[in-house]
Amino acid sequence: MSRILDVRDLRVTFTQDGMETQAVRGISFHIDRGETVALVGESGSGKSVSALSTVQLLGPSARVEGSVSYDGQEMIGAPERLLRKVRGNDVSFIFQEPMTSLNPLHTLEKQLGESLALHQGIEGDAARERILDLLHRVGIREPESRLTAYPHQLSGGQRQRVMIAMALANGPDLLIADEPTTALDVTIQAQILELLGRIQRDEGMSLLFITHDLGIVRRISDRVCVMKDGEIVETGPTREIFAKPRHPYTQKLLSAESTGTPDPVKDGAEEIARTDNLKIWFPIQKGLLRRTVGYVKAVNDASMSVRAGETVGIVGESGSGKTTLALAIMRLIQSEGGITFRGENVKSWKTKRLRKLRSEMQIVFQDPYGSLSPRMTCEQIIAEGLTVHGSPDGRPHRELVTEVMEEVGLDPATMHRYPHEFSGGQRQRIAIARAMVLRPRLVVLDEPTSALDMTVQVQIVDLLRALQRKYDLAYLFISHDLKVVRAMSHKVIVMQNGDVVEMGVTDDIFDRPQTDYTRTLIAAAFDPVG
């Protein structure tokens, strides 16, 4: 079988402020035509840097050495004309963070249409037909109504699906997928993997799959390369790696899984937040006069509560209303119905009264890179809330930043660095530190482990439990990873198309689900992978 990609002795060194950091240390691997190779390892191990090096997508601060041969052509040092032809046409990428990859000023139709026009010369009605087919294939409901949508109007999972559609638009020979199912719930994840597998079989496409989810690796890959600290420490056929891992790090990866249960909620614990018959409908406006012609029913009649020291997990498909419900509780979007925080009705509070409330409610967003200012250092990002609300205990800001960085497993010596200098997992820790530094009473965790490899995910779950135990925090935990939800949550809310279809104690939901939808979610998450 012929090789479509051959990487030999690849080394990548970043230079900044006179300091050199070697991110990739002489790795070698290959991909045959029609083959799927998985690249796994911790955040910061060099997986994404290695992938970006294949078609020279790293910035000027990177020095790339070694050899990367695509279809017999050397990519390192290749002329820009050749690289432009290969990128997006012969080799397509699905990037890890869709919000930073999609243009916020362009509609979905324009962004997908640009790729079709540039590489295939398809425009007009033919392009629209192709775009609708792509959106339908990647699981976007009612794609016709989404053509004029902008990225910010989609959920994280929907944005990821749009990225997948863009990558597949030109029928590439090699697809490099960097955590392509990170933001997707388990049922859609299975559909996307099936879609990629079907396209791969039909078109003979090769796939380089970068992920921290070993369940996916076991399901789709032919071979596995395990990376640690910029080196490939073990490689081989997937079955062999899973059956008889030789390297201690591979053994550690395969044994990592979030388990256990949260500490019991104290008797008489204070009710931190409650909603009563909450409804969030977004108007659909058309025409010159912007008349309302319908509504996007994001959340319908949701009633729930969370107490001090309690975690309420919210699960459901992307676009089911999970994040919208949480944002309404935070008073970040308009809603109808009752919202109570620590015994007070905050639904009608205006800006001045809400300012104090903000310090007691914090959120960790799904996309850490999109929510961290690229112009601020780690210290400035974490201390931003302190600048607005003041120190919760009167101590100097730097002292508090140092303390919270240590709590979340970051080296305080790195506080002068900028977000792009951290791995995805480290950026998520910065986002958690920013939320925790004000010592809030309620924290919304929107997919807080979605960008993390399994070993770091276990650490973050343990960290969140420890912080909850120490500060008696109330958590709203939004996730598509039901194994983590079960390990973290006291109660679970299941949402579908804006409706709360099931709610109850975690063990009851997982062991005795009452609805077909909940049973489908649980089966997709817990059934053994073949």
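All values reported here derive from a predicted model rather than from experimental measurement.

1. Brief notes about the sheet that holds strand β7 (residues 174-178)
The strand order across the open sheet formed by 6 strands is β6-β7-β8-β3-β9-β10, and the pairing between neighbours is mixed. In this open sheet, the two edge strands, each paired with only one partner strand, are β6 (91-94) and β10 (231-237). The mean angle between the axes of side-by-side strands here comes to 15 degrees, regardless of whether they run parallel or antiparallel. As defined by bridge partners, strand β9 (residues 223-228) adjoins β10 across 6 bridges and the pair is classed as antiparallel. Counterpart to K228 in the pairing with β10 is E231. Those strands touched by helix α11 (residues 248-255) are β3 (36-41), β9 and β10, and its axis lies near 105 degrees from that of β9.

2. So, the packing of helix α15 (residues 378-389) against helix α16 (residues 397-407)
Where α15 meets α16, the closest approach of the two axes is 10 Å, and the angle between their N-to-C directions is 115 degrees. Handedness of the α15/α16 crossing: right-handed. Residues C378, E379, I382, A383, L386 and T387 of α15 form the contact with α16, whose own contacting residues are H397, R398, L400, V401, V404 and M405. Here the contact of α15 with α16 is built from residues that sort into 8 nonpolar, 2 polar and 2 charged.

3. A few points about the sheet that holds strand β2 (residues 19-32)
What the 4 strands build is an open sheet, ordered β2-β1-β4-β5; its pairing is antiparallel. Here the strands that pair on one side only, and so sit at the sheet edges, are β2 and β5 (73-74). Taken together, the 11 bridges between strand β1 (residues 3-16) and β2 define a ladder with antiparallel strand orientation. Bridge pairing in β2 links V7 to F29.

4. Focus on the packing of aromatic side chains
Considering all chains together, one arrives at 1 aromatic pair under this definition. Ring geometry for W281 and Y295: centres 5.7 Å apart, planes at 50 degrees, overall tilted. Linking W281 in strand β11 (residues 271-286) with Y295 in strand β12 (residues 291-307), this pair joins segments that are 14 residues apart in sequence. By relative accessible area, which is 32% here, W281 ends up partly exposed. Just above the ring of Y249 sits the side chain of K228; from NZ or CZ to the centre is 5.4 Å. Seen from the ring of W281, K279 lies directly overhead, with NZ or CZ sitting 4.2 Å from the centre.

Quick notes on the rules
Residues numbered from 1 in each chain as written. Predicted model: local features only at pLDDT ≥ 70, side-chain atom pairs only at ≥ 80, totals over all residues. Heavy atoms only, no water. Pairing = 2+ DSSP bridges. Helix = DSSP H or I, 4+ residues; strand = E, 2+ residues; numbered from the N terminus. Axes fitted to C-alpha atoms, helices over the stretch in contact; angles between N-to-C directions. Contact = heavy atoms within 4.5 Å. Left-handed = near helix turned anticlockwise from the far one by under 90°. Nonpolar A, V, L, I, M, F, W, Y, C, P; charged D, E, K, R; others polar. Phe/Tyr/Trp six-rings, centres within 6.5 Å; stacked < 30°, edge-to-face > 60°. Buried < 20%, exposed > 50% of the residue type's maximum accessible area, 1.4 Å probe, protein only. Lys NZ or Arg CZ within 6 Å of the ring centre and 35° of its normal.

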